[in-house]
Amino acid sequence: MSARAILLAGGASSRFGSPKLLADFRGAPLVAHAARRLAEGAGQVLAVIPLGATALRAVLEPLGCEVLETDRAALGLGGSLSAGVEASATASGWIVALGDMPLVPVGAIRDVARAIEQGAFIAAAVQGGRRGHPVGFSGELYGELAALRDDIGAREVVRRHRVRLVMVECGDPGIFADVDTPDDLRALGM
């Protein structure tokens, strides 16, 4: 099996003040942009959402996403990622993107996915030495990713294996553009 695209869409939007993934961004919910780009760059998407998030499901399923509702989303990025990895345990690896990052370029997603398919242990989009998203992980990291349970996500996994990180250069700052507050959304040019 090939690498699986995982969209983490389980955040609580605490700094945004309302469900940010459903906020309008250029005529569609914020999360729809992230899901479309991930699907175009890495294939069929497994979107990880909180239990009972029917509005998110209603946005993601029509886009062709497989949706996984999990109580582990309440644990943060790590909990969501571990649930997604466990649900796709037969994948050869994972291409991980965030639902609040609507401008990640499809080319960067494709390049990270290609690096994983060609045997990279970890691959990440970078610009000027700064790491952004998406991040890809080899299937060899299943145990470490499945064990995550906090809001730090896979940052510690990447740090632990940094000597094996393949940096995929990208000229587009969309690899850093995330939305935490309404001001962030406005700055991206609603």
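Structure: above.
Residues numbered from 1 in each chain as written. Predicted model: local features only at pLDDT ≥ 70, side-chain atom pairs only at ≥ 80, totals over all residues. Heavy atoms only, no water.

## Brief notes about the packing of aromatic side chains
For the structure shown, the criterion picks out one aromatic pair. Between tryptophan 94 and tyrosine 142, the ring centres sit 6.2 Å apart and the planes meet at 40°, which makes this aromatic pair tilted. Pair noted here: tryptophan 94 is in strand 6 (residues 93-98) and tyrosine 142 is in helix 5 (residues 142-146), with a separation of 48 residues, a long-range link. In this structure tyrosine 142 comes out as partly exposed when scored by relative accessible area, which is 29%. Directly above the ring of phenylalanine 176 sits arginine 130, whose terminal nitrogen or CZ lies 3.8 Å from the centroid. If you follow arginine 164 out to its NZ or CZ, it ends over the ring of phenylalanine 121, 3.6 Å from the centre. (Phe/Tyr/Trp six-rings, centres within 6.5 Å; stacked < 30°, edge-to-face > 60°. Helix = DSSP H or I, 4+ residues; strand = E, 2+ residues; numbered from the N terminus. Buried < 20%, exposed > 50% of the residue type's maximum accessible area, 1.4 Å probe, protein only. Lys NZ or Arg CZ within 6 Å of the ring centre and 35° of its normal.)

## Here's the deal with unusual backbone geometry
Residue proline 134 is reached from histidine 133 by a cis peptide bond, and omega for that bond is 10°. With a phi close to 55°, arginine 26 is a non-glycine residue in the positive phi region. Secondary-structure assignment places arginine 26 in the loop between strand 2 (24-25) and strand 3 (28-29). Residue arginine 26 is classed as partly exposed on the basis of its relative accessible area of 45%.

## Topic: the nonpolar core
Counting residues in hydrophobic clusters, the biggest one holds 67 residues, and the most contacted among them are Leu7, Leu38, Leu60, Leu81, Ile95, Phe137 and Leu145. Looking at this core element by element, the count peaks at seven residues for helix 1 (residues 30-42). When neighbours within four sequence positions are excluded, leucine 60 is seen to be in contact with Leu7, Val31, Ala35, Ala47, Ile49, Cys65 and Val67. (Core = buried A, V, L, I, M, F, W, Y, C linked by side-chain atoms within 4.5 Å. Contact = heavy atoms within 4.5 Å.)

## Some words on the pairing of strand 8 (residues 130-138)
Bridge count for strand 6 against strand 8 is four bridges, and the pairing is antiparallel. By the bridge assignment for strand 8, isoleucine 95 is matched with glycine 136. Here five bridges tie strand 7 (residues 122-127) to strand 8, and the two strands are oriented antiparallel to one another. Paired with alanine 124 across the strands is valine 135, a residue of strand 8. The hairpin turn running from strand 7 into strand 8, its antiparallel successor, is two residues long, and glycine 128 in that turn takes a positive phi close to 55°. (Pairing = 2+ DSSP bridges.)

The analysis is restricted to geometry; functional conclusions fall outside its scope.
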